[in-house]
Amino acid sequence: MLGVGAYRTRNRPALSEVLPLPIGEMSWALTDHRDQSVRPTDWAGHPVMVFFGFTWCPDVCPTTLSDISLWLEDLGADANRLIVALISVDPERDTPAVLADYVSSFDPRIIGLTGPADEVAKAAADFRVTYRRVDKDGGDYTMDHTAGVFLFHPDGRFASIIDFHEDRRFAVPKIRRTLS
Amino acid sequence: MNHFLLAAALTLSAPAAMACETVAIGDLTVEHAWSKATIGAGRPGVFYVEITNTGSTDDALVGIATPAAGMPMLHETVVQDGIASMPHAMSIPVPAGQSVQLSPGGYHGMLMGLTTALKEGDSFPVTLTFEKAGEVTVNVDVLSLRAEGPDCADAGQ
Ligand SMILES: [Cu+2]
């Protein structure tokens with residue numbers, strides 16, 4: 001599979017091609033870990049926190065989900081309206097049932113999203129996310145993927161990214177700025 | 001190693017947290033060895049540990065072996081241009097007088113081909129091979145998938 005981020009070939013992409021689209025302009029249709037269909041319009045009026053990952057990832061993804069769980073605990077009930085979603089970049093292996101098993105280890109407000117490969121690709125393009133399959137010996141494979149956590153205001157405007165190696169103390173204030 | 005021996009290895013778990021034990025070999029001390037529970041045996045497990053070199057000679061971790069996985073490897077999580085990947089690490093430097101951590105988001109042991117799913121509360125042995133100090137075996141505590149590290153009184157966080 002080709003890196004989805006390579007879909008633009010110009011040297012200097014405009015800012016609008018680098019920043020995630022507003023949620024309301026996104027066009028993907030995915031399925032959550034409870035088998036419910038989810039579209040961007042379902043998130044209208046809610047602050048949103050999204051990151052991309054996959055359940056076969058033993059390091060970056062559980063670490064991010066652990067961090068997010070701690071941030072949500074810090075925020076308490078203030079974060080109850082926040083939509084928190086892990087979008088799988090490995091829909092071939094991450095079925096809704098697999099995602100349900102996975103997210104059950106973390107804060108119950110985190111949902112898992114998966115779907116047909118082309119819908120996942122659409123979501124990645126909307127969020128300006130890159131992912132790439134890396135084949136290993138013995139038929140196994142792993143995925144390289146954008147590791148940041150994306151934040152959006154309740155009106156759908158992109159707010160900020162929490163980088164993977166960013167000082168975690170800055171995360172909660174960043175999230176808080178999207179909650180009001 | 002066959003399933004019987006692995007089962008024996010897994011049931012050796014003691015109630016006290018082994019992750020808080022310190023094992024020494026030559027000038028190296030190895031401690032805080034832990035792993036995360038896995039969903040099934042199909043997904044890879046992970047191995048984290050802290051190594052301190054109190055000597056005056058540089059050393060390096062060059063390999064890991066465990067009855068818990070058919071294909072354990074050293075990896076490094078690298079984030080470049082916002083994209084995370086985990087290339088194979090041929091060796092992990094343990095410079096004289098320094099500590100090196102295999103920890104979430106950085107160096108880690110990648111346990112592919114798990115013999116059985118890793119369950120919270122289990123423990124299993126991992127043998128570390130150092131370029132100069134040789135081999136040492138530590139017991140690894142399996143913590144929850146959510147864990148960020150073992151809870152040791154002396155944990156150098
Ligand atoms: Cu790895």
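Residues numbered from 1 in each chain as written. Chains lettered and ligands numbered in written order. Predicted model: local features only at pLDDT ≥ 70, side-chain atom pairs only at ≥ 80, totals over all residues. Heavy atoms only, no water.

The name given to chain B in an unreviewed UniProt entry is Copper chaperone PCu(A)C, with the source organism recorded as Stagnihabitans tardus.

As annotated in an unreviewed UniProt entry, chain A carries the name SCO family protein and is attributed to Paragemmobacter amnigenus. Recorded in UniProt under Sequence similarities (unreviewed entry), the annotation for chain A is "Belongs to the SCO1/2 family." (UniProt positions renumbered as here; feature names shortened; annotations may be inferred.)

Chemist: A description of the coordination of the copper ion should follow, citing residues and the corresponding values.
Modeler: Residues and elements named next belong to chain B. Here the copper ion is held by His75 (ND1), Met86 (SD), His108 (NE2) and Met110 (SD), and the distances to it run 2.2 to 2.4 Å. The site at the copper ion holds four donor atoms, and with the angles between them running 95 to 119 degrees, its shape is tetrahedral. Each donor residue of the copper ion belongs to the same chain, with the gaps between them written as H-x10-M-x21-H-x1-M. With a gap of 35 residues between them, histidine 75 in strand S5 (residues 69-76) and methionine 110 in strand S10 (residues 107-114) connect regions that are remote in the sequence. As far as burial versus exposure is concerned, histidine 75 and methionine 110 are alike and both buried. (Donors = N, O, S within 2.8 Å, 3.2 Å for Na, K, Ca; no water. Tetrahedral: all angles 85-135°; square planar, octahedral: opposite > 155°, others 65-115°. Helix = DSSP H or I, 4+ residues; strand = E, 2+ residues; numbered from the N terminus. Buried < 20%, exposed > 50% of the residue type's maximum accessible area, 1.4 Å probe, protein only.)

Chemist: Residues and numbers for the sheet that holds strand S5 (residues 110-114) of chain A, please.
Modeler: All names here are of chain A. If you walk across this open sheet you meet the seven strands as S2-S1-S5-S4-S3-S8-S9, and the pairing is mixed. Both edges of this open sheet fall to strand S2 (37-38) and strand S9 (158-162), since each of them pairs with a single strand only. Bridge count for strand S8 (residues 149-152) against S9 is four bridges, and the pairing is antiparallel. If you follow phenylalanine 152 over to S9, its bridge partner there is phenylalanine 158. With respect to the sheet, helix H3 (residues 96-103) is in contact with strand S1 (30-32), strand S4 (83-88) and S5, its orientation differing from that of S5 by roughly 155 degrees. (Pairing = 2+ DSSP bridges. Contact = heavy atoms within 4.5 Å. Axes fitted to C-alpha atoms, helices over the stretch in contact; angles between N-to-C directions.)

Chemist: Talk me through H3(A); I want residue IDs and the actual numbers.
Modeler: Residue and element names in this part refer to chain A. Within H3, burial applies to Pro96, Leu99, Tyr102 and Val103. Around the axis of H3, the buried residues are gathered within 120 degrees of arc, so they sit on the same side. Packing partners of the buried residues in H3 comprise S1, helix H2 (60-75), S4 and S5. (Arc of directions from axis to C-beta.)

Chemist: An account of the pattern of salt bridges is requested, with residue identities and associated values reported.
Modeler: Residues and elements named next belong to chain A. Evaluation of the coordinates by the stated rule reveals eleven salt bridges over all chains. Lysine 122 is the partner of glutamate 119 in a salt bridge, and the nearest nitrogen-oxygen pair spans 3.2 Å. Separated by three residues within a single helix, glutamate 119 and lysine 122 lie in helix H4 (residues 117-127), roughly one turn from each other. The partner of aspartate 135 in a salt bridge is arginine 133, with the nearest N and O atoms 3.0 Å apart. Relative accessible area serves as the criterion here: at 53%, aspartate 135 is assigned to the exposed category. Through salt bridges with shared partners, one network takes in Asp90, Arg93 and Asp140. (Salt bridge = Lys/Arg side-chain N within 4 Å of Asp/Glu carboxyl O.)

Chemist: Tell me about the pairing of strand S6 (residues 131-135) of chain A, residues and numbers included.
Modeler: Residue and element names in this part refer to chain A. Relative to strand S7 (residues 141-146), S6 is paired through five bridges, and the arrangement is antiparallel. Following the sheet pairing, aspartate 135 is matched in S7 by tyrosine 141. From the end of S6 to the start of S7, which pair antiparallel, there are five residues, and glycine 138 there has a positive phi angle of about 80 degrees.

Chemist: Help me get a handle on the packing of H2(A) against helix H5 (residues 171-179) of chain A, residues and values and all.
Modeler: All names here are of chain A. The N-to-C vectors of H2 and H5 enclose an angle of 60 degrees; their axes lie 10 Å apart at closest approach. When the interaxial angle is binned, H2 and H5 end up oblique. With respect to the hand of their crossing, H2 and H5 are arranged in right-handed fashion. Only Ala171, Val172, Ile175, Arg176 and Leu179 of H5 make contact with H2, whose side of the interface consists of Trp71, Asp74 and Leu75. (Parallel < 35°, antiparallel > 145°, perpendicular 65-115°, else oblique. Left-handed = near helix turned anticlockwise from the far one by under 90°.)

Chemist: Provide a residue-level description of the environment of Ser66(A), including the pertinent values.
Modeler: By the secondary structure assignment, Ser66(A) is in helix H2. For the pair Ser66(A) and Ser105(A), spaced 39 residues apart in sequence, the C-alpha separation works out to 9.0 Å.

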